[in-house]
Amino acid sequence: MSNKTILIAGLGLIGGSLARAIKAGHPQYHLSAYNRSQAPREFALQEQLVDEASDDFDTLAVKADVIILNFPVQLSIQFLKRLASLPLKQDVLISDSGSTKQDIMESAVSLFADKPIRFIGGHPMAGSHKTGVIASDALLFENAYYILTPAPNTQTKDIDELKLILSHTHAKFIELTADDHDAMTAVTSHFPHVVASALVHEAEDFSKQMPFTKNLAAGGFRDMTRIAESSPEMWSEILMSNADNVVSQIDQFTAQLHVVKDLIKAKQHEQLWEFFDQARELRSQMPIHKGAMANFYDLFISIPDRSDVIHEILNYLSGHELSIVNIKINETRIDINGVLQITFKTINDLETAETLIKTHTSYDVYK
Ligand SMILES: NC(=O)C1=CN([C@@H]2O[C@H](COP(=O)(O)OP(=O)(O)OC[C@H]3O[C@@H](n4cnc5c(N)ncnc54)[C@H](O)[C@@H]3O)[C@@H](O)[C@H]2O)C=CC1
Ligand SMILES: O=C(O)C(=O)Cc1ccc(O)cc1
């Protein structure tokens, strides 16, 4: 069917990026979007990501040929339950984009056991710590793995249909069982988020005794903790939904830390060298995906404590069509009043903004 109706349910970072990619590949499809709040719906309509947007999930769902759920993982299961109670189209194809797969696959298999509904779990392995449709990008998933977890009786033609719909993500599709998916992503994605947030807590606790500590956070701390700025709603749900695997990672990591601790205490210089050398070698060989959008581009401006200063800076940037995706004020430094963090989609926009701010002000600007 060339004029399919695709419902993107949840217009956040992932829903928005999928909508953009599907629209780019299949302009003839009718794209509809469900979102509870109005601003993302208006943004999506204005940017022509979708053809129709509403907060009436049921009405959109019954008209759809394909439905993709893009909510925090437990909420996607709630929406799946709602779908099971609706008079959906006979052969509707349903998928999701959640970061865990066992819970949703179990729910789908039991909810749709007596129905012709086709459910294929999905998880694009790229994203960001940023949230919301405003940060979405058609190329977010380019060259990233896009994991599909088909239910046991899924037909190849159904998997091919979903891959065709998603073809303009330009992702690399692979099929995994939900169990294998959750075991592997616990190691490379879910557990690292625990470590990142724990490092931030550790620095905060220590800073209570020595407040200057935070000023000494350099690139290493930044790289290790970027993902601690991710959505707490999303990550608490992911950990609850992959509890056994994450707990097992925490146990193994704790054991590793004890090994290193013992080496340090016993002054085993050579073994410590080996520990770092092996990790360096292994990391350099890992096929870590560097998504087109994985990082975005942050510009930091040291600003004085004046109520009009943000307005002043944004004024200098206006009229240049810069792709600003986020603006934030950090007040973590004790020697100055604050740091304004502006995030751009492209390095070019960041550099234009840097030049404009340096031309018009004497504020320190750094990347
Ligand atoms: N952010 C990332 O890097 C990646 C996220 N994922 C998964 O994608 C899914 C969506 O995540 P993002 O798009 O990043 O999150 P987001 O925060 O940008 O979007 C979440 C969406 O859920 C909606 N939502 C939240 N609570 C709601 C409620 N109570 N009722 C109705 N709608 C509600 C929001 O309105 C928004 O549309 C999650 O399951 C996440 O695990 C998968 C790959 C990467
Ligand atoms: O911000 C990052 O680097 C991420 O790790 C993005 C991400 C978040 C959740 C996923 O399920 C997959 C990828």
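This write-up is about the structure you can find in this document. (Residues numbered from 1 in each chain as written. Chains lettered and ligands numbered in written order. Predicted model: local features only at pLDDT ≥ 70, side-chain atom pairs only at ≥ 80, totals over all residues. Heavy atoms only, no water.)

## What about the overall build of the protein chain?
Consideration 1: Helix and strand content of the protein chain: 13 helices and 12 strands.
Consideration 2: A compact globule built from 367 residues would reach a C-alpha radius of gyration of about 21 Å, and the protein chain, at 23 Å, matches this within 12%.
Consideration 3: In terms of its C-alpha atoms, the protein chain occupies a principal-axis envelope of roughly 65 × 60 × 35 Å.
Consideration 4: Burial statistics for the protein chain: of 367 residues in total, 43% are counted as buried.
Consideration 5: Residue pairs at least 24 apart in sequence account for 75% of intrachain contacts in the protein chain once pairs closer than 6 positions are excluded.
Consideration 6: Surface accessibility of the protein chain: about 19700 Å² in total, with carbon and sulfur atoms responsible for 54%.
Consideration 7: Counting 32 positive and 47 negative side-chain charges, the protein chain places the centres of these two groups 1 Å from one another. (Helix = DSSP H or I, 4+ residues; strand = E, 2+ residues; numbered from the N terminus. Rg over C-alpha atoms; globule rule 2.2 N^0.38 Å. Buried < 20%, exposed > 50% of the residue type's maximum accessible area, 1.4 Å probe, protein only. Contact = heavy atoms within 4.5 Å. Areas by Shrake-Rupley, 256 points an atom, 1.4 Å probe, with all protein chains shown as cover. Lys, Arg positive; Asp, Glu negative; His and termini not counted. Charge placed at Lys NZ, Arg CZ, Asp CG, Glu CD.)

## Here's the deal with the site of ligand 1
Consideration 1: Neighbouring ligand 1 are 26 residues; Leu13, Asn35, Phe71, Ser99 and Gly132 lie closest to it.
Consideration 2: Gly12 has a polar backbone atom sitting 3.4 Å from an oxygen atom of ligand 1.
Consideration 3: Here an oxygen atom of ligand 1 sits 2.6 Å away from a polar atom, N or O, in the main chain of Phe71.
Consideration 4: Surface burial for ligand 1 is 87%, taken as the share of its 830 Å² of free accessible area covered by protein chains.
Consideration 5: The set of elements that each furnish at least two residues to the shell around ligand 1 consists of α1 (13-25), α4 (73-84), β6 (118-124) and α9 (232-241).
Consideration 6: With 3 residues, the top contributor of residues to the shell around ligand 1 is α9.
Consideration 7: Tallied by class, the residues present in the shell around ligand 1 amount to 12 nonpolar, 12 polar and 2 charged.
Consideration 8: Looking at which domains feed residues into the shell around ligand 1, each of domain 1 (5-177) and domain 2 (181-259) supplies at least three. (Near = heavy atom within 4 Å. Polar contact = N/O pair within 3.5 Å; in protein donor to acceptor, adjacent residues only side chain to side chain. Nonpolar A, V, L, I, M, F, W, Y, C, P; charged D, E, K, R; others polar. Domains from an automatic or database assignment.)

## Thoughts on the packing of aromatic side chains
Consideration 1: All told, the structure shown has 10 aromatic pairs when counted by the stated rule.
Consideration 2: Between the aromatic rings of Tyr34 and Phe57, the centroid separation amounts to 5.4 Å while the plane-to-plane angle is 80°, which identifies the pairing as edge-to-face. Of the two residues, Tyr34 sits in strand β2 (residues 30-34) while Phe57 sits in helix α3 (residues 57-63), which places them 23 residues apart along the sequence. Summarising the burial analysis for this pair, Tyr34 and Phe57 share the class buried.
Consideration 3: Relative to Phe276, the ring of Phe275 lies with its centre 5.3 Å away and its plane at 70°, an arrangement referred to as edge-to-face.
Consideration 4: The exposure class assigned to Phe275 is partly exposed, which follows from its relative accessible area of 31%.
Consideration 5: Note on Phe276: relative accessible area 56%, which makes it exposed.
Consideration 6: Through successive ring pairs, a cluster of aromatic residues spans Tyr34, Phe57, Phe71 and Phe79.
Consideration 7: For the cation-ring pair, Lys172 lies above Tyr145, with the distance from its terminal atom to the ring centre recorded as 4.5 Å. (Phe/Tyr/Trp six-rings, centres within 6.5 Å; stacked < 30°, edge-to-face > 60°. Lys NZ or Arg CZ within 6 Å of the ring centre and 35° of its normal.)

## Overview of the site of ligand 2
Consideration 1: Surveying the vicinity of ligand 2 reveals the residues Ser99, His123, Ala126, Gly127, Ser128, His129, His193, Arg226, Ile227, Met234 and Trp235.
Consideration 2: Taking Ser99, its side chain carries an N or O atom lying 2.6 Å from an oxygen atom of ligand 2.
Consideration 3: Measuring from an oxygen atom of ligand 2, one finds a backbone N or O atom of His129 at 3.5 Å.
Consideration 4: Isolated, ligand 2 exposes 340 Å² of accessible area, and the fraction of that covered by the protein chains is 84%.
Consideration 5: Counting residues domain by domain, the shell around ligand 2 receives three or more from each of domain 1 (5-177) and domain 2 (181-259).

## Side note on the nonpolar core
Consideration 1: Core analysis: the largest hydrophobic core is formed by 34 residues, its most contacted members being Ile6, Ile8, Leu18 and Ile22.
Consideration 2: Elements that contribute at least two residues to this core include exactly β1 (5-9), α1, β2, α2 (38-46), β4 (66-69), β7 (145-150) and α6 (156-165).
Consideration 3: For Ile6, the residues in contact, after removing those within four places along its chain, are Ile22, Tyr29, His30, Leu31, Ser32, Val66 and Ile165.
Consideration 4: The next biggest cluster of nonpolar side chains, apart from the first, holds 27 residues, and it includes Phe79, Leu88, Val92 and Phe112. (Core = buried A, V, L, I, M, F, W, Y, C linked by side-chain atoms within 4.5 Å.)

## Looking at the pattern of salt bridges
Consideration 1: Scanning the model with the defined rule gives 18 salt bridges in all.
Consideration 2: The residue Arg118 makes a salt bridge to Asp158 at a minimum N-O spacing of 2.7 Å. With Arg118 in strand β6 and Asp158 in helix α6, the pair connects residues that are 40 residues apart, well separated along the chain. Comparing Arg118 with Asp158, the two get one shared label, buried.
Consideration 3: Sharing partners across several salt bridges, the network here consists of Lys4, Arg118, Lys157, Asp158 and Glu161. (Salt bridge = Lys/Arg side-chain N within 4 Å of Asp/Glu carboxyl O.)

Any functional reading would require information that these geometric values do not contain.
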